[in-house]
Amino acid sequence: MRLFVGDDWAEDHHDVEVMDAFGRRLAKARLAEGAAGMARLHALVGQAAGDDAGEVEVLVGIETDRGPWVRALVAAGYVVYAVNPLQAARFRDRLGVSGAKSDAGDAHVLADMVRTHAHELRSVAGDSPQAEAVKVVARTHKTLIWERTRHTQRLWHALRDYFPAALAAFDDLDASDALALLAKAPTPQAAARLTFTQISAALKKARRKNVADKAAAIQAALRDDHLGQPELVTAAYAASVQALIAVLAVLNEQIKTLQGQVEAHFGEHPAAEIILSQPGLGPILGARVLAEFGDDPGRYVSAKARKNYAGASPITRASGKKKAALARFIHNDRLIDALLTQAYSALTRSPGARAYYEKQRARGSGHNAALRQLANRLVGVLHGCLKTGTLYNETTAWSNHAENVAA
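What counts as what
- Residues numbered from 1 in each chain as written.
- Predicted model: local features only at pLDDT ≥ 70, side-chain atom pairs only at ≥ 80, totals over all residues.
- Heavy atoms only, no water.
- Helix = DSSP H or I, 4+ residues; strand = E, 2+ residues; numbered from the N terminus.
- Contact = heavy atoms within 4.5 Å.
- Areas by Shrake-Rupley, 256 points an atom, 1.4 Å probe, with all protein chains shown as cover.
- Pairing = 2+ DSSP bridges.
- Axes fitted to C-alpha atoms, helices over the stretch in contact; angles between N-to-C directions.
- Salt bridge = Lys/Arg side-chain N within 4 Å of Asp/Glu carboxyl O.
- Buried < 20%, exposed > 50% of the residue type's maximum accessible area, 1.4 Å probe, protein only.
- Core = buried A, V, L, I, M, F, W, Y, C linked by side-chain atoms within 4.5 Å.

Colleague: Any chance you could explain the overall build of the protein here in plain terms?
Modeller: Scanning the protein from N- to C-terminus turns up 19 helices and 7 strands. Judged by the C-alpha coordinates and their principal axes, the protein covers about 85 × 60 × 50 Å. Of the contacts made within the protein by residues no fewer than 6 positions apart, 61% connect residues no fewer than 24 positions apart. When the accessible surface of the protein is summed, it comes to about 21700 Å², and 52% of that surface belongs to carbon and sulfur atoms.

Colleague: Would you take a moment to explain the sheet that holds strand β5 (residues 79-82) for this structure?
Modeller: Across a sheet, paired strands are connected by hydrogen bonds in the backbone, their directions being either parallel or antiparallel. Read across the open sheet, the 5 strands follow the order β3-β2-β1-β4-β5; overall the sheet is mixed. Strand pairing shows two members of the sheet lacking a second neighbour, β3 (25-32) and β5, which therefore form its edges. Pairs of neighbouring strands in the sheet enclose a mean axial angle of 20 degrees, with direction left out of account. Note that strand β4 (residues 57-62) and β5 share 4 bridges and pair parallel.

Colleague: Mind showing me how you'd approach the pattern of salt bridges here?
Modeller: Two side chains of opposite charge can pair, provided their charged atoms sit close to one another. All told, the structure shown has 16 salt bridges when counted by the stated rule. Glutamate 57 serves as the salt-bridge partner of arginine 2, at 3.0 Å between the closest nitrogen and oxygen. Here the residue arginine 2 occupies a position in strand β1 (residues 2-9), and glutamate 57 occupies one in strand β4, the gap between them amounting to 55 residues. You can call glutamate 57 partly exposed: its relative accessible area is 34%. Here glutamate 358 makes a salt bridge to arginine 354, at a shortest N to O gap of 2.8 Å. A residue pair is termed a helical-turn pair when its members lie 3 or 4 positions apart in one helix, as glutamate 358 and arginine 354 do in helix α16 (residues 351-362) at 4 residues. Using a relative accessible area of 36% as the deciding quantity, one classes glutamate 358 as partly exposed.

Colleague: What's the story with unusual backbone geometry in this structure? I'm lost.
Modeller: Residues apart from glycine generally show negative phi values, whereas peptide bonds are mostly found in trans. Notably, arginine 207 is not glycine yet its phi reads approximately 60 degrees, a positive angle. Within the secondary structure layout, arginine 207 lies in the loop between α9 (196-205) and α10 (211-223). Arginine 207 sits in the exposed class, given a relative accessible area of 80%. Phi at asparagine 210 takes a positive value of approximately 50 degrees, unusual for a residue other than glycine. Within the secondary structure, asparagine 210 is located in the loop between α9 and α10.

Colleague: Please explain the nonpolar core as it appears in this structure.
Modeller: A general feature of soluble globular proteins is that nonpolar side chains tend to end up buried together. Counting residues in hydrophobic clusters, the biggest one holds 46 residues, and the most contacted among them are Ile275, Val289, Phe293, Leu339, Leu374 and Trp398. Those elements that place two or more of their residues in this core are α5 (129-162), α11 (231-267), α12 (272-276), α13 (283-293), α14 (303-310), α15 (333-346), α16 and α17 (367-388). Here this core takes 9 residues from α17, the largest share from any one element. If near-sequence neighbours (up to four positions away) are discounted, leucine 374 is found in contact with Ala343, Leu347, Ala353, Tyr356, Tyr357 and Trp398. The next biggest cluster of nonpolar side chains, apart from the first, holds 31 residues, and it includes Leu179, Leu181, Ile199 and Val241.

Quick look at the structure:
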């Protein structure tokens, strides 16, 4: 016997509907988030199953793939499908065109979706606790890096408006020496009074090379003439910049701390050696790839399935006599970012990867398109290595493209 559960979740509650194989509603309820709500869900399933409770298979559709609730569903033996919200919205339009929407209605849509289209949905992966731990720290580490980039851009815009000399003086605004000097002298007037010794000390603390030349160049740039703002406005900008500098300093510190955690957790994973053998993947980038792919051995039935999940493979749009291969714009941003970074790094580390990239360029592909095709190829190589439990081998990886390597 099969039962189908639609679960429309919110932060503090879940609207659920239990449906049978004929699409009949057997039960519906609003459950509280937490252990009590989960116990109530099990009771609803048990009541719906009746005398067949020992033989029932429960399929659950929910628009998320993480969190304690999803983990509890998987632990209970339910088959959980993480439905993309866009898929659910389009399926809702199929059932009705009025535009009506409710939480209970969404639960019905999800239940009917897993009843009729479970074979086309992806079940939540059964990743190991080690992979889950890598995902937690790797995602937080990357999030902090993105936050640092955003705050650095805010700092750049503020300096451009009142202190353009700082932009001429410092190449990396989020570097420790630049932050230290800007914190010490957040106004053009104060910066112009910085001595050669003060600038040199900040550069030495940041372990910069050619300290004397760089200190002289920074001092000259800070003392150069630039357009500015009235004194009162400059003071207001300086206060804002000091706040941004304080945030950036903390972000730098926590990014460095979390980097150690990412490396430690990733190093303990059984697949770390295989992933690190891939061209262009180091501990941090490798951890991100592992985190987003997961380590459930049955999740990807083929290299194509892994490539499609990665978002590196193209999609085809065909209508009549027109046919076009386009890049996927709906994908896991964290994963595609890591894979494209790997592909770019592999250009200087793998002759086969470089030859493959050059062939795509010779065919007329632009840099980004050729890099995406290389990333797609490298995902296939990684899939083969993980499936067979073997380390990367340059000759084996590019055996089907030997003519490219020789070119």
